[in-house]
Every structure is written in structure tokens, then in C-alpha cells.
Amino acid sequence: RCYMKYKFLIPLVLLLSVLDVAFFNQMKILDVSFNIGIVFCVVLTVLYSEKEGIICALLFGLYRDIFFSKALGITALSLFIIVVIISLFSEIIQKDNMGVVILITATSTIMFNLTFYVLNLISENRMSFLPFVEISIVSIIYNSIVAVIVHSIFLNTMLRKQGAER
């Protein structure tokens, strides 16, 4: 069952993409900003469905790749892989459990960073491993905190909408 209308999803993802560049990237901890793409893809996939997660992954990922990456498709593919893996476990995921959201976000951040790292190595965009690990640790914590906030907003909105439909 699909709760989110695509006519709202696509503009929302595009708006978040622009806000990511204009605003979110300035909100840094230890020179690391949170990844709204991971956070939003995780929350959409957990609360709504694989379709919403895939749309988010591809739109957000391609936007980032086109404007900010040396290799087209790395971010989009990394986010897509995360959404597909989360979807495999969608039947057992407790959508309203914050601990689950933190665990999925942390795991997704690790998967994204590792996929991104490996795909960059394959495409010959060399990255040093130690700075990669340091960035990953900070981004796991930061993304998890932001995911709890975003998840709470979407969950409350979803619950209010379901209550209004009854």
C-alpha cells in the first residue's frame, strides 16, 4: 500500500537536493555534513515502500552525480543498492521503532560509504582509506541523529493522515 503521492515525492526530492547543496552541506560536524540522500531514502523505504525509496535514490543520486561527482551514477547506484537491501527486510522492520531506524541508517551509511569507496576505486578516482574511515564514523552518527528527526516528522504525518482517513 502506497501512502505517498508521487506528485509530492518528486518535487520534495528535488527540493531536498537543492537544500542539500545550498544549506545542509554547510551544517558540518568535524568537517562532515550529513547525507540527506541516505536519510531520506532510508525513511521513505522504511515508512512507505520500495518504490518511493527507489525514486528518491535515483533522483537524488543522479542530481548529486551530475552536479558534484566525477563519475556519473556512483551516488545513484549506491543509494539504489541501499533501498533494495532495506526492501528485502521490509516485512520484519518495525516502522515506528527508533532503534531500528538508527540501526538501518547506520548500516546504510556504512554500505553507502563502502559502495561509494569501491566504485570510486573501480572508476579510478583514488581515495585514501584512513580519511574515508574517519569520515564514515562521523557520518554514521550524524546521519543517525538526522534520521531520527526526519523519521519522527514523517511517522507523525503518516499517523495523522491515517487517523483522518478513519
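Residues numbered from 1 in each chain as written. Predicted model: local features only at pLDDT ≥ 70, side-chain atom pairs only at ≥ 80, totals over all residues. Heavy atoms only, no water.

### Here we look at the overall build of the chain
Next up, step 1: Across its full length, the chain holds six helices and two strands.
Next up, step 2: Mapped from its N terminus to its C terminus, the chain presents α and β elements in the order α-β-β-α-α-α-α-α.
Next up, step 3: Seen along its three principal axes, the alpha-carbon backbone of the chain occupies a region of about 55 × 30 × 30 Å.
Next up, step 4: Taking as baseline every contact in the chain between residues at least 6 positions apart, the subset at least 24 positions apart corresponds to 72%.
Next up, step 5: Positive and negative side-chain charges of the chain, numbering 12 and 10 respectively, have mean locations separated by a distance of 8 Å. (Helix = DSSP H or I, 4+ residues; strand = E, 2+ residues; numbered from the N terminus. Contact = heavy atoms within 4.5 Å. Lys, Arg positive; Asp, Glu negative; His and termini not counted. Charge placed at Lys NZ, Arg CZ, Asp CG, Glu CD.)

### Overview of the packing of helix H2 (residues 36-47) against helix H5 (residues 98-122)
Next up, step 1: Packing of H2 against H5 brings their axes to within 10 Å, and their N-to-C directions diverge by 130°. The pairing of H2 with H5 is recorded here as oblique in orientation. For the pair H2 and H5, the crossing hand works out as right-handed. In this structure, H2 uses Ile38, Val42 and Val46 to contact H5, whose residues at the interface are Ile104, Thr105, Ser108, Thr109 and Phe112.
Next up, step 2: Its residues assigned to classes, the contact of H2 with H5 shows five nonpolar, three polar and no charged. (Axes fitted to C-alpha atoms, helices over the stretch in contact; angles between N-to-C directions. Parallel < 35°, antiparallel > 145°, perpendicular 65-115°, else oblique. Left-handed = near helix turned anticlockwise from the far one by under 90°. Nonpolar A, V, L, I, M, F, W, Y, C, P; charged D, E, K, R; others polar.)

### Brief notes about H5
Next up, step 1: Taking 1.5 Å of rise per residue, 25 residues should cover 36 Å, and H5 covers 35 Å from first to last C-alpha, within 8% of that figure.
Next up, step 2: Its side-chain oxygen placed 2.8 Å from the backbone nitrogen of glycine 99, asparagine 97 serves as the N-cap of H5. (Expected span 1.5 Å × (residues − 1). Polar contact = N/O pair within 3.5 Å; in protein donor to acceptor, adjacent residues only side chain to side chain.)

### Some thoughts on helix H4 (residues 74-88)
Next up, step 1: In a regular helix each residue adds 1.5 Å, so 15 residues correspond to 21 Å; H4 covers 22 Å between its end C-alpha atoms and thus fits that length.
Next up, step 2: Every buried residue belonging to H4 is among Ile74, Thr75, Ala76, Ser78, Leu79, Ile82, Val83, Ile86 and Ser87, and all of these are buried.
Next up, step 3: Along its buried surface, H4 packs onto H2, helix H3 (50-68) and H5. (Buried < 20%, exposed > 50% of the residue type's maximum accessible area, 1.4 Å probe, protein only.)

### Some thoughts on the side chain of serine 139
Next up, step 1: Here serine 139 is to be found in helix H6 (residues 129-165).
Next up, step 2: According to the relative accessible area criterion, serine 139 is buried, its value standing at 6%.
Next up, step 3: Within the structure, the side chain of serine 139 is placed 3.0 Å from the backbone oxygen of serine 136, a separation counted as a polar contact.
Next up, step 4: Excluding residues within four positions of it along the chain, serine 139 makes contact with Val32, Thr109 and Asn113.

### Quick word on the environment of serine 144
Next up, step 1: Relative to the assigned elements, serine 144 resides in helix H6.
Next up, step 2: Residue serine 144 is classed as buried on the basis of its relative accessible area, which comes to 8%.
Next up, step 3: Residues serine 144 and asparagine 35, 109 residues apart in the sequence, show an inter-C-alpha distance of 9.9 Å.
Next up, step 4: For serine 144, the residues in contact, after removing those within four places along its chain, are Ile102, Thr105 and Ala106.

### Quick word on the state of the cysteines
Next up, step 1: By the definition in use, this model includes zero disulfides.
Next up, step 2: You can see cysteine 41 has no disulfide; the closest cysteine sulfur is in cysteine 56, sitting 3.2 Å from it.
Next up, step 3: Relative accessible area serves as the criterion here: at 0%, cysteine 41 is assigned to the buried category. (Disulfide = S-S within 2.5 Å.)

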